[in-house]
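Understanding the architecture of this molecule
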Amino acid sequence: MRPGAAEILHTEALPCGYTLRFVKTREDGRYPALPLPELLVIDDRGAADPSFRLVDSCRIVRRREKREILRAVMDYDARFPLDPPWRRTLRSMEKEWMIHNVAWRLGLCAESARHVDLNNAEEGRGWRHFFRRGIALAARRLLRRLRRRTAADGETGR
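What counts, and where the lines are drawn
- Residues numbered from 1 in each chain as written.
- Predicted model: local features only at pLDDT ≥ 70, side-chain atom pairs only at ≥ 80, totals over all residues.
- Heavy atoms only, no water.
- Axes fitted to C-alpha atoms, helices over the stretch in contact; angles between N-to-C directions.
- Helix = DSSP H or I, 4+ residues; strand = E, 2+ residues; numbered from the N terminus.
- Parallel < 35°, antiparallel > 145°, perpendicular 65-115°, else oblique.
- Left-handed = near helix turned anticlockwise from the far one by under 90°.
- Contact = heavy atoms within 4.5 Å.
- Patch = residues over 30% accessible without salt bridge, like charges linked within 9 Å, V, L, I, M, F, W, Y side chains within 5 Å.
- Areas by Shrake-Rupley, 256 points an atom, 1.4 Å probe, with all protein chains shown as cover.
- Salt bridge = Lys/Arg side-chain N within 4 Å of Asp/Glu carboxyl O.
- Lys, Arg positive; Asp, Glu negative; His and termini not counted.
- Charge placed at Lys NZ, Arg CZ, Asp CG, Glu CD.
- Expected span 1.5 Å × (residues − 1).
- Buried < 20%, exposed > 50% of the residue type's maximum accessible area, 1.4 Å probe, protein only.
- Pairing = 2+ DSSP bridges.

What follows concerns the packing of helix α1 (residues 63-79) against helix α2 (residues 90-106). A pair of packed helices is characterised by two quantities: the angle between their axes and the separation of those axes. Taken N-terminus to C-terminus, the directions of α1 and α2 make an angle of 130°; their axes are 10 Å apart at the nearest point. The orientation of α1 with respect to α2, classified from their angle, is oblique. Once α1 is placed against α2, the crossing between them reads as right-handed. Residues R63, K66, R67, I69, L70, R71 and M74 of α1 form the contact with α2, whose participating residues are L90, M93, E94, W97, M98 and N101.

On to a positive patch on the surface. Residues R140, R144, R145, R147 and R148 make up a contiguous surface patch of positive charge. Relative to the helices and strands, R148 resides in helix α4 (residues 127-156).

This part is about α1. Spanning 17 residues, α1 covers 24 Å between terminal C-alpha atoms, matching the ideal 24 Å at 1.5 Å per step. Considered for burial, the residues of α1 that qualify are E65, K66, E68, I69, L70, A72, V73, Y76 and D77. Lining the buried residues of α1 we find β1 (8-13), β2 (19-24), β3 (38-44), β4 (51-54), α2 and β5 (116-119).

Below, the discussion takes up the pattern of salt bridges. Inspection of the entire model under this criterion finds eleven salt bridges. D77 is paired through a salt bridge with R45; the nearest N and O atoms lie 2.8 Å apart. With D77 in helix α1 and R45 in the loop between β3 and β4, this residue pair connects regions lying 32 residues apart in the sequence. D77 sits in the buried class, given a relative accessible area of 13%. Salt-bridge contacts for E94 lead to R63; the nearest nitrogen and oxygen are separated by 3.3 Å. With a gap of 31 residues between them, E94 in helix α2 and R63 in helix α1 connect regions that are remote in the sequence. The exposure class of R63 is exposed, given its relative accessible area of 56%. Bridged by salt links that share partners, the residues D43, R45 and D77 form one connected network.

In this structure, K66 sits in helix α1. Residue contacts for K66: discarding those within four places in its chain leaves I60, V61, W97, M98 and N101.

Once that is clear, we can look at the sheet that holds β4. With mixed pairing, five strands are arranged side by side in an open sheet as β1-β2-β3-β4-β5. Strands with a single pairing partner mark the edges of an open sheet, and in this sheet they are β1 and β5. The mean inter-strand angle of the sheet, taken between neighbouring strand axes irrespective of direction, is 20°. Where β1 and β2 come together, five bridges link them in antiparallel fashion. Each bridged residue has a counterpart across the sheet, and for E12 the counterpart in β2 is L20.

Glycine aside, a negative phi is what most residues show, and trans is what most peptide bonds show. Cis geometry is found at the peptide bond from L36 to P37, where omega equals 15°. Take P37: it is sitting in the loop between β2 and β3. In this structure, the amide linkage connecting D83 to the following residue, P84, adopts the cis form with an omega of 5°. Within the secondary structure, P84 is located in the loop between α1 and α2. Backbone geometry places D56, a non-glycine residue, at a positive phi of 55°. For D56, the position within the fold is in the loop between β4 and α1. Under the relative-accessibility criterion, D56 is labelled buried at 15%.

Here it is, written out as structure tokens:
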């Protein structure tokens with residue numbers, strides 16, 4: 001393995017043709033880029049809000065494939081449980097993934113929407129919750145840009 005590369009905990013080949021590569025969360029945030037049909041699944045169940053992150057999940061659009069992937073994540077969790085437990089329903093995860101894909105395709109918070117983070121706190125949340133969160137995130141980013149521009153204009157005397 002390359003220095004600094006994420007250690008693969010588990011590999012799961014699915015009938016739909018995808019291969020899931022499960023890795024632990026890294027402090028440096030560096031993960032391998034995987035070409036389709038491979039999908040990187042970051043196991044962050046050791047956090048206060050346990051989660052799995054599906055990297056570049058926006059590339060997967062077929063419902064049948066999403067369901068198969070989500071079931072494989074649920075099976076992985078059942079085979080290798082941690083405490084506190086990760087608890088998500090298939091229906092809730094499907095909905096969250098769909099919302100992420102829609103936001104990504106519309107270019108709304110594209111970097112955040114590119115990956116779906118299946119954490120316990122999002123269980124049962126609907127469109128309204130994610131819409132509000134997206135608006136708040138976009139507003140924070142816009143304010144940061146405006147502050148930087150104002151600070152830069154002040155330094156140049158404009």
